[in-house]
Amino acid sequence: MRREWEARIDSVAAQFVLGEAATVAPAAEALAWMRQEAGREGWEEIARLAARIAERMASSPQWHTEGALAEGLDKLRRAVEAATAGDAPAAGKPPNELAQDPGLVGDFILETREHLISIENDLLTLDREPSQPEALHSIFRSFHTVKGLAGFLEFDAVRSLAHEVETILDLARNQQLAITATVIDVVLESADYLKQEMNRLEAGLAGAAAGEAAAVDALIVRVQSLNRTSVAAPQPVLAAPPEAVTDAVTGTATEAVTGAVPEAAPAAAPATPEPSPAAPGAQPPAAAPAAVQASAEKFSVRVDTQKLDHLLDMVGEMVIAQSMVRQDPELAGLRSPRVTRNLTQLSRVTDEVQKTAMAMRMMPVGQLFHRVARLVRDLSRKMNKPAGLELSGEDTQIDKTIVEELADPMMHMVRNSLDHGIEPVAARLAAGKSESARISLRATHQAGHILIEIEDDGRGLDRDKILAKARGRGLVGEGHTPSDNEVYNLIFEPGFSTAAAVTDVSGRGVGMDVVRRQVAKLRGRIDIHSEPGKGTVFQLKLPLTLAIIDGLVVGVGGERYIVPIFAVQEMFRPTPGMLSSVKGQGEMAMVRNRLLPVVRLHNRFSVTPRTQEASESLFVVAETGGRRFCLMVDEFIGKQEVVIKSLGEGMKNIPGVAGGAILGDGRVGLILDLEGVYGEHTLA
Amino acid sequence: MTATVSDNKATAGQATDHRSGKYLAFHLGNEEFGIQVMKVREIMGVQDITAVPHTPHHTKGVINLRGKVIPVIDLRVKFGLEEVPYTQRTCIIVVQVKGDHASTLQMGIVVDGVSEVLNLTAADVEDTPDFGTGVETRGLLGMAKLKGKVKILLDIDHVLTAHDLTSLQEALR
Amino acid sequence: MAYDVLIVDDSPAMRSFIGRVLGLTGMEIGERLEAGHGREALEILGRSWVDVILTDINMPVMNGEEFLAHVAARGDLKAVPVVVVSTDSTGTRVERMMSLGAKGYVKKPFSPESLREELERVLEVSHG
């Protein structure tokens, strides 16, 4: 039976392989057989699929080149395998089969994570404004949904925890429980637990040994105990004006209360609202826009990111194909106004499609900011430094990947600000500053870039101290007096700023050098401005998208490479007098009174160049990670915007290569990763 | 499910005959090989291959497959055979193989030429002969004898993703 | 006959869960339509044929109660039974939903059997 099917499927598949020589008749015949047979077996889906494949084959003259058809055939094969392997069709299986379905579990993880983001965000709003009904309602709804989903999948720990939290929140909704800092802490902790569980489940999906759910009982008991307090002290606390209390309580009290949470918080924390670590002046993110956003999301569609990337790829190709048509000399030779007009229209439409497709990869930077908000709340308590966070430009759109990759560096910089920038309360008061510090996150668009600023009103960078440390390490020569900017940038040197050490919030202390490297990886740059006694601003300048890169196409031998323009300072043909060979350092070139190392690309990549003679070649002066060097190539071919493509699995971490791009003539050119190219040089 | 309708002569052997079916036959020098047709996405002539530095010698580079960049492997080099210049008949077979984490990936393989599509029954396929102790034959599905010629059936998933094919190379000598 | 079903729930994952359980009931399901809240559901009901509605209660924009009231108020939808699907199955809640016009009630999570039973009841399908 199964063999019979396989033979038929194979015979259809064989036609695809024969290419031009393929004939539709035997394939159609085989498909007709399958359709009939599936009908007899009652495999309706299979019958329909076979019919659809046959129909598509009949309607497309180029059917044998269609990947979709081959995929359809694959699907058919799998369906037949499933139908012949199992004994009965799926009907009547027990429902906990749902938990075995990676697709459904994946949906669950995805959706729960979305809820967790909004839960955290809303909790921080509540923290500032305990009587925000919209935020409270939204948190309730999120836990409610998570509970329902977990129930179906029989993830009992998640379900029970979500149920208990939901109960507490329901009491709060009905004004039977005050939203105190203790309540927020416990709910945040519950959210953290769910986050961990999602990671565990995800690891399980990826094939890792996922293990058991983490212990949840103690947490559940603590959630329940919140409830008991409310019964013991049923006071209408929601009405209490939060400002008055916040002003009266110092950060020390906050610390004490937080510390008491694990054992008997309920008893120690009666109906008085806890002080909020956020300054009373801190601007709360308006709840109304959040609600609008939530309802707008209901009309959106989820798209597999792979599909999206494929769409972007194809759009990129379409743009290139379009420009090839437009520049076709034969068409130009027609000198037809109508053709010209239509081509112009085509390119306008293509541009629009490309912009829209790009926009689909974009997301608001706000999500990132809200993670930082959580960090500021936690750290300001832990360090006993009250701080308020001001956000602006949360709706600024930025490439999804950048948002993801930027999270760690942002967290690190904010932690750095709180750790080193913000003074202890006493010092702030002595300096005539407000007790509560202010940290601002801003995002704005700026001429094809996005600018993210992190500002604090702390003590500013200590120029003398940094310089002394740098001199001690030999980073700055004794005779040299660097500018302020040069001094500040020293904190990005490897090993310079590990003082931030270990906190349990963002893990092991990484140096600021990691921040700079990460930002460079995203093709961005970072600047610091600081004023003693007034504060520090970190400025991150990032590209809007990672999908497209502006590049210089250069040639070496028969190969062509793309150098990202953002890293290029200048290009020139060297004269023999510029070159020198420094012992132990290799080739150097004197460029604008600076001696720069020369990297011969043909040596790095083992290709045969057109010329070995530097004076017949072209030097591209590039800067990466704060170091400048000359890249020697044969020639400059042109400037082009290219769509960045992965070289595929197994070719991901090739030193010096950031990816591939399809050039105007259809060939693939490699995009250089200058850091990698240079890094190799230092090893050589 | 029992085979109620099938009157096919080979039904009896169905548990073990997963190797029967259609194969695309190609050759490297005098040696004939076959890969399962279901793995094949398309066949194209040799086009400009962009070299990628710091990759194994058998990786010829990458090509543009309708907007997608895919790696190309030279099967001669991979099998430790002598390299020859590409001719008019040389072609790239694009195959879809299993990658890490249950993903699939497309790759091109350079072969000297493709010949035909074979329809093999269980009776045509034999197990790989014992090449002697210590020689593993993973990467091989078996051998097919057709019209007096032996064709080596490759497990292309394994051939393309395994890092070490020494034993297979030995076997081919 | 295959039944066209409209699933109303603000959680996309929940909609696919319910859809999956529907598939396991062994009932013949035709179109499976989905809406994120009551208003969207009403729009769909305006343009598509639906044999039975499964709805959640707690939803943004238009919740299950409001939705039921709207369906009940529309003469053309009289023949379309609504089954409430909720985690909350307290007597008062069930009573309230039934009084608003719900024909059936299933508590989340549910088995394919219990869903089938309820659907067959509201659709007046006889066994056989």
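Residues numbered from 1 in each chain as written. Chains lettered and ligands numbered in written order. Predicted model: local features only at pLDDT ≥ 70, side-chain atom pairs only at ≥ 80, totals over all residues. Heavy atoms only, no water.

All right, on to the overall build of chain A then. Helices and strands together make up the secondary structure of chain A, namely 24 helices and 18 strands. By the burial criterion, 49% of the 684 residues in chain A qualify as buried. Here chain A has roughly 32400 Å² of accessible surface; of this, 53% comes from carbon and sulfur atoms. (Helix = DSSP H or I, 4+ residues; strand = E, 2+ residues; numbered from the N terminus. Buried < 20%, exposed > 50% of the residue type's maximum accessible area, 1.4 Å probe, protein only. Areas by Shrake-Rupley, 256 points an atom, 1.4 Å probe, with all protein chains shown as cover.)

A few words now on the overall build of chain C. Each helix and strand in chain C was counted, giving five helices and five strands. Along its sequence from the N terminus, chain C presents helices and strands in the succession β-α-β-α-β-α-β-α-β-α. Taken over 128 residues, chain C has a buried fraction of 56%. Accessible surface for chain C amounts to roughly 5600 Å². Of this, 49% is attributable to carbon and sulfur atoms.

Moving on: the packing of aromatic side chains. For the structure shown, the criterion picks out nine aromatic pairs over all chains. Look at Phe629 of chain A and Tyr678 of chain A: their rings are 4.7 Å apart centre to centre, the planes differ by 35°, and that puts the pair in the tilted class. Of this pair, Phe629 of chain A sits in strand β15 (residues 627–633) while Tyr678 of chain A is found in helix α24 (residues 674–683), placing the two residues 49 residues apart along the sequence. Of the two residues examined, Phe629 of chain A and Tyr678 of chain A, each falls in the buried class. What links up through ring pairs into an aromatic cluster is the set Phe152 of chain A together with Phe17 and Phe110 of chain C. (Phe/Tyr/Trp six-rings, centres within 6.5 Å; stacked < 30°, edge-to-face > 60°.)

Our focus in this paragraph is a positive patch on the surface. A cluster of like positive charges, contributed by Arg459, Lys465, Lys469 and Arg473 of chain A, occupies part of the molecular surface. Its place among the elements puts Arg459 of chain A in the loop between β5 (449–456) and α20 (463–472). (Patch = residues over 30% accessible without salt bridge, like charges linked within 9 Å, V, L, I, M, F, W, Y side chains within 5 Å. Salt bridge = Lys/Arg side-chain N within 4 Å of Asp/Glu carboxyl O. Lys, Arg positive; Asp, Glu negative; His and termini not counted. Charge placed at Lys NZ, Arg CZ, Asp CG, Glu CD.)

At a minimum axis distance of 10 Å, the contact between helix α6 (residues 133–153) of chain A and helix α1 (residues 12–24) of chain C shows a crossing angle of 30°. Here α1 of chain C runs roughly parallel to α6 of chain A, going by the angle between their axes. For the pair α6 of chain A and α1 of chain C, the crossing hand works out as left-handed. Facing Gly148, Leu149, Phe152 and Leu153 of chain A of α6 of chain A, the residues of α1 of chain C in contact are Ala13, Met14, Phe17 and Val21 of chain C. Looking at the contact of α6 of chain A with α1 of chain C, its residues break down into seven nonpolar, one polar and no charged. (Axes fitted to C-alpha atoms, helices over the stretch in contact; angles between N-to-C directions. Parallel < 35°, antiparallel > 145°, perpendicular 65-115°, else oblique. Left-handed = near helix turned anticlockwise from the far one by under 90°. Contact = heavy atoms within 4.5 Å. Nonpolar A, V, L, I, M, F, W, Y, C, P; charged D, E, K, R; others polar.)

Taken together, the contact pairs 23 residues of chain C with 27 residues of chain A. Taking both partners together, chain C and chain A bury about 2300 Å²; carbon and sulfur atoms supply 67% of that area. Considering only the side of chain C, the residues that lose the most area to chain A are Phe17, Leu24 and Asn58 of chain C, jointly responsible for 28% of the buried surface there. Residue Arg20 of chain C is joined to Asp101 of chain A by a salt bridge in which the shortest nitrogen-to-oxygen separation is 2.3 Å. Linking chain C to chain A there are four residue pairs in polar contact (both at pLDDT 80 or more). Going through the elements one at a time, α1 and α5 (112–122) of chain C are the ones with two or more residues in the side of chain C that touches chain A. Counting residues per element, the side of chain C that touches chain A draws most heavily on α1 of chain C, at eight residues. (Buried area = accessible area lost by both parts, 1.4 Å probe. Polar contact = N/O pair within 3.5 Å; in protein donor to acceptor, adjacent residues only side chain to side chain.)

This brings us to the pattern of salt bridges. For the structure on display, the rule yields 46 salt bridges over all chains. One salt-bridge network, in which partners are shared between bridges, spans Glu120, Asp192, Lys195, Arg374 and Asp378 of chain A.

The subject of this paragraph is helix α2 (residues 24–41) of chain A. An ideal rise of 1.5 Å per residue puts 26 Å on 18 residues; α2 of chain A measures up with 26 Å between its terminal C-alpha atoms. A positive phi of about 80° marks Gly42 of chain A, the residue just after α2 of chain A. (Expected span 1.5 Å × (residues − 1).)

Our next topic: the confidence of the model for chain A. Residue and element names in this part refer to chain A. Across chain A, pLDDT averages 78, with 81% of residues at or above 70. Note that residues 230–298 has pLDDT below 50 and, in this model, 80 contacts with residues that lie over four places away or in other chains. For residues 498–509, every residue scores under 50 in pLDDT, and the model assigns this stretch 23 contacts once sequence neighbours within four places are set aside. (pLDDT = per-residue confidence, 0-100.)

Bringing the environment of Ser138 of chain A into the picture now. Residues and elements named next belong to chain A. Following the sequence through the fold, Ser138 ends up in helix α6. Judged by relative accessible area, Ser138 falls into the buried class, the value being 16%. A sequence separation of 23 residues divides Ser138 from His115, and the C-alpha atoms of the two residues are 9.3 Å apart.

Moving on, we get to the sheet that holds strand β14 (residues 618–624) of chain A. Adjacent strands of a sheet form backbone hydrogen bonds with each other and so pair up, either parallel or antiparallel. Residue and element names in this part refer to chain A. Spatial strand order, β10-β14-β15-β13-β12-β11: six strands in an open sheet with mixed pairing. The sheet is open, and its two borders are formed by β10 (568–572) and β11 (579–582), each paired with just one other strand. Taking each pair of neighbouring strands and ignoring which way they run, the sheet shows an average axis angle of 35°. Inspection of the sheet shows β11 paired to strand β12 (residues 586–591) by four bridges, in the antiparallel sense. In the sheet register, Ser580 faces β12, and the bridge partner there is Met588. (Pairing = 2+ DSSP bridges.)

Residue and element names in this part refer to chain A. With respect to the element layout, Leu136 can be found in helix α6. When its relative accessible area of 7% is taken as the criterion, Leu136 is described as buried. Sequence spacing of Leu136 and Asp170 is 34 residues, and the spatial spacing of their C-alpha atoms is 9.0 Å. Each residue touching Leu136, except ones within four places of it in the same chain, is listed here: Leu126, Leu169, Ala172, Arg173 and Ile179.

This part takes up the side chain of Lys22 of chain B. Relative to the helices and strands, Lys22 of chain B resides in strand β1 (residues 21–28). Excluding residues within four positions of it along the chain, Lys22 of chain B makes contact with Asp10, Ser11 and Ala14 of chain A together with Ile35, Gln36, Val37, Val117, Leu118 and Asn119 of chain B.

Our focus in this paragraph is α20 of chain A. All names here are of chain A. Listed as buried for α20 are Ile466, Leu467 and Ala470. Axial view of α20: buried residues confined to an arc of 95°, hence all on one face. Exposed residues lying more than 90 degrees from the buried face of α20 are Asp464, Lys465 and Gly472. Looking at the buried side of α20, the elements it contacts are α21 (484–489). Of the residues flanking the end of α20, it is Gly474, one or two places downstream, whose phi is positive at about 75°. (Arc of directions from axis to C-beta.)

Next up on the list: the nonpolar core. Ranked by internal contacts, the top residues of the largest apolar core, which has 66 residues, are Phe108, Phe143 and Leu161 of chain A together with Phe17, Leu54 and Leu119 of chain C. In contact with Leu119 of chain C, not counting residues within four places along its chain, are Leu22, Met27, Val52, Leu54 and Val83 of chain C. Ranked by size, the runner-up nonpolar core spans 53 residues in total, among them Met383, Ala470, Val487 and Val515 of chain A. (Core = buried A, V, L, I, M, F, W, Y, C linked by side-chain atoms within 4.5 Å.)

Residues and elements named next belong to chain A. Relative to the helices and strands, Leu123 resides in helix α5 (residues 102–128). Exposure remark for Leu123: the relative accessible area of 2% places this residue in the buried category. The sequence separation of Leu123 and Val183 amounts to 60 residues, and the corresponding C-alpha distance is 9.8 Å. Contacts of Leu123, omitting those with residues within four sequence positions, involve Ile139, Ile184, Val187 and Leu188.

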